[in-house]
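The chain contents come next:
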Amino acid sequence: MHLRSEPTEIRQARGHILIGAFEGDLRKLIEKQICPNFFRSLSFLGSIESQTTAFHRLSLDFPDAKIDDPNIEIQILEYLDTLQLVEVALRNKAHINSQIFKHVQVNNKALQDIFRPIRNKIAHSRSIDEEEFSAFYELCTKLSRESEIWIQLKKWSEEVLDLSAHELRENEGGRISNKIHKKIFHDLLFHNLPEEDYQNWSFTGRKNFLEKVNLELFSNNRNLVQLHGQGGIGKT
């Protein structure tokens, strides 16, 4: 298959299927090996801020949920994205198979450098070129061959390129979530927004802001510079 001739939305659809498979396999791993050690607790997520943020996402769908509900440690997994799931696996070394831990640890940089940008672009309907998708697909294939934990990822790494454009556009088999499918194929997002300008984090306006911060930092008139803003806007 010649990916170069494909519209970017087809690559986005294939990428979404692979990301869903990756996250599904990692959630099952965490549920089986880590969650049993944290009954009615979210402490395996790390900091209080991480726990609160994840629980807030869950509570938007389940307003009556409580942080100590039975199985809350399993329910919360659906509200963690790719790299948050990876972080949970790496954070809980004592509760995870040593070979699996090493596998995730060794591939963490590639996940940060390759996986994260693709996931962000799909989530925000950004275009994905052939080179980006090829690197992403090769990483998925590599991971699925290195460890037996990647059951769904292995399946879709072998099958996703065989799906026709028609199957993806019509979402035959419901392989793509309705929300993402509408974003990809029905152009429901506004596209007059500026392109991200900071390390594939989907932040905009950071280039000018960073120049201003650098100017303040290296100014003889400033001994201290403070950045203020809500959590998640990109202060770090």
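Described below are features of the structure shown in this document. What you are looking at is a predicted structure, and each value in this text was computed from that prediction instead of being measured. (Residues numbered from 1 in each chain as written. Predicted model: local features only at pLDDT ≥ 70, side-chain atom pairs only at ≥ 80, totals over all residues. Heavy atoms only, no water.)

Attention shifts here to the overall build of the protein chain. Along its length, the protein chain carries 10 helices and zero strands. Ordered by position from the N terminus, the helices and strands of the protein chain form the series α-α-α-α-α-α-α-α-α-α. Buried residues in the protein chain amount to 39% of all 236 residues. When contacts within the protein chain are restricted to residue pairs at least 6 apart in sequence, long-range pairs at least 24 apart make up 66% of them. Total accessible area on the protein chain is roughly 14,500 Å²; 50% of this is exposed by carbon and sulfur atoms. (Helix = DSSP H or I, 4+ residues; strand = E, 2+ residues; numbered from the N terminus. Buried < 20%, exposed > 50% of the residue type's maximum accessible area, 1.4 Å probe, protein only. Contact = heavy atoms within 4.5 Å. Areas by Shrake-Rupley, 256 points an atom, 1.4 Å probe, with all protein chains shown as cover.)

So, about the packing of helix α6 (residues 130-146) against helix α7 (residues 151-159). Relative to each other, α6 and α7 sit at 130 degrees, their axes nearing to 9 Å. Comparing their axes, α7 and α6 come out oblique. In the packing of α6 onto α7, the handedness of the crossing is left-handed. The segment α6 lies against α7, with Y137, C140, T141, L143 and S144 engaging L153, K154 and S157. Broken down by class, the residue content of the contact of α6 with α7 amounts to four nonpolar, three polar and one charged. (Axes fitted to C-alpha atoms, helices over the stretch in contact; angles between N-to-C directions. Parallel < 35°, antiparallel > 145°, perpendicular 65-115°, else oblique. Left-handed = near helix turned anticlockwise from the far one by under 90°. Nonpolar A, V, L, I, M, F, W, Y, C, P; charged D, E, K, R; others polar.)

One finds F22, I30 and F44 to be the most contacted residues of the largest nonpolar core, which totals 57 residues. Within the residue set of this core, elements represented by two or more residues are α1 (8-33), α2 (48-61), α4 (82-91), α5 (98-123), α6, α7 and α9 (178-185). When residues in this core are grouped by element, the largest group, 10 residues, is from α1. Discounting chain neighbours no more than four positions away, the residues touching F22 are T82, V86, L111, F115, L143, W150 and L153. (Core = buried A, V, L, I, M, F, W, Y, C linked by side-chain atoms within 4.5 Å.)

Here the focus is the packing of α4 against α5. Between α4 and α5, whose axes approach to 10 Å, the crossing angle comes to 165 degrees. One way to sum up the angle between α4 and α5 is to call them roughly antiparallel. Considering the relative orientation of α4 and α5, their crossing is left-handed. Taken together, the residues of α5 that come into contact with α4 (itself represented by T82, L83, V86, A89 and L90) are F101, V104, Q105, N108, L111, Q112, F115, R116 and R119. Grouping the amino acids of the contact of α4 with α5 by side-chain chemistry returns eight nonpolar, four polar and two charged.

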